[in-house]
Amino acid sequence: MTAPQEGIFVEEPPCNTFLEYDLSPGGEPARVRAAVAAGLGLARQDGQHLVVGFGDALWRRLAPGRAPEGLRSFAAIGETGGQHAPATQRDIWYWLQGPCPDANFDLALGIDRALRGVAELKLETSGFKYHGDRDLIGFVDGTGNPKDREAKAAAALIPGAGGGAFVVTQQWVHDLPSFEALDVGEQEAVVGRTKVEDIELEGPAMPADSHVSRTDVSEDGVAMKIYRRSAPYGTVREHGLYFVAFACDLHRFDIQLKRMYGLAGDGLSDRLIDFSRAVTGAYWFAPSDADLAAVFGTTG
Ligand code: HEM
């Protein structure tokens, strides 16, 4: 039976908190297991969900023999100094979704206390809903996702992993003034969809270097679908998108990212990276509930 962490597919909660941890020196597997179990066991409010993921190196230590084929760390894409996606692979990733910020804050505090002395918090970001499902650039984000639960599961869950999923996270910092300096038609050419109605550009109107053209990929007739669950984040001074996506195979992320960064051999890159830059990048494994129960004695 397939039993993914339920929060992966729950799309309603408006408040998101993302936490990334690095293991502290001397974080022995037994201590890490106990600390992660304590975090997973914390009380949650109605409608609150917790998803946990692990970096390749830690998961192999915590759960020998339970790593899905192909699990690996994120590697930087492109040249440092130029447009590139940096690698900031860490050990543990938490995604808290809830109806309100206070519930997420309490749960995040509890998780952090459970991990004290075992792992160190390296990134904390709160994501919110922006004018429905829009990204801060003003375009709807998520339309191209698979539609029903079955199609989402097919895109997100690793075959034979009981409901486990690969995850990519990247924190993107937007340059809104430069994007907003474009007129709406030019913005639409960058994204590949219309801004207000959210309709995909067609035929000659769709540029080959639009974001949709670079990420809507098929190989041997198979659409390389992923399931995106990103959230806008930030303050007036710094803001952007905490990009989160799930996939059945890391290759799907690799190919989309290579096409975005001009490394797919066709001489094209994604116009969107002229207006936003990735400042973190990591691949995670979100184990199935059965794997979580086996390793930690509790589920997500
Ligand atoms: C600054 C960061 C990003 C922003 C603001 C952004 C925004 C958007 C928007 C507005 C759309 C069109 C609506 C939709 O279908 O959701 C879209 C589509 C899409 N994006 Fe992104 N995105 C970002 C990064 C990424 C990254 C890093 C990837 C892949 C690793 C990606 C993969 C996709 C895919 C697969 C689609 C759907 C294409 C289709 O089949 O129509 N995006 N994105």
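The rules behind each value
- Residues numbered from 1 in each chain as written.
- Predicted model: local features only at pLDDT ≥ 70, side-chain atom pairs only at ≥ 80, totals over all residues.
- Heavy atoms only, no water.
- Helix = DSSP H or I, 4+ residues; strand = E, 2+ residues; numbered from the N terminus.
- Contact = heavy atoms within 4.5 Å.
- Buried < 20%, exposed > 50% of the residue type's maximum accessible area, 1.4 Å probe, protein only.
- Polar contact = N/O pair within 3.5 Å; in protein donor to acceptor, adjacent residues only side chain to side chain.
- Near = heavy atom within 4 Å.
- 1 Å grid on protein atoms, 1.4 Å probe; cavity = no way out; pocket = protein on both sides within 12 Å on 5 of 7 lines; lining within 4 Å.
- Sits in = over half its atoms within 2 Å of the grid points.
- Nonpolar A, V, L, I, M, F, W, Y, C, P; charged D, E, K, R; others polar.
- Phe/Tyr/Trp six-rings, centres within 6.5 Å; stacked < 30°, edge-to-face > 60°.

This paragraph deals with the environment of Cys 248. Tracing the backbone shows Cys 248 in the loop between β10 (239-247) and α8 (250-260). Along the sequence, Cys 248 and Ala 153 sit 95 residues apart, while their C-alpha atoms lie 8.6 Å from each other. Excluding anything up to four places from it in sequence, Cys 248 contacts Ala 154, Ala 155, Ala 156, Leu 157, Ile 158, Pro 159 and Phe 166.

This brings us to α8. Along α8, nine of the 11 residues are buried, which leaves the element largely enclosed by surrounding structure. Among the residues of α8, those classed as buried are Leu 250, Arg 252, Phe 253, Asp 254, Ile 255, Gln 256, Leu 257, Arg 259 and Met 260. The distance from a side-chain oxygen at the start of α8 to the backbone nitrogen of His 251 is 3.0 Å, and the residue carrying that oxygen is Asp 249.

Neighbouring the ligand are 25 residues; Gly 142, Thr 143, Gly 144, His 211 and Arg 228 lie closest to it. Residue Thr 143 places a main-chain N or O atom 3.0 Å away from an oxygen atom belonging to the ligand. Arg 228 places a polar side-chain atom, nitrogen or oxygen, 2.8 Å from an oxygen atom of the ligand. Judged by the proximity of its atoms to the pocket grid, the ligand belongs to the largest pocket. Only β5 (165-174), α7 (211-215), β10 and α8 provide two or more residues apiece to the shell around the ligand. The residue inventory of the shell around the ligand, partitioned by class, reads 10 nonpolar, nine polar and six charged.

Following the criterion strictly, the structure yields 17 aromatic pairs and no others. Arranged with centres 5.0 Å apart and planes meeting at 80°, the rings of Phe 74 and Tyr 283 form a pair that is edge-to-face. With Phe 74 in the loop between α2 (56-62) and β3 (92-98) and Tyr 283 in strand β12 (residues 282-286), the pair connects residues that are 209 residues apart, well separated along the chain. Residue classification places Phe 74 among the buried residues on the basis of a relative accessible area of 4%. A centroid spacing of 6.4 Å and a plane angle of 25° characterise the contact between Trp 172 and Tyr 261, whose relative ring orientation is stacked.

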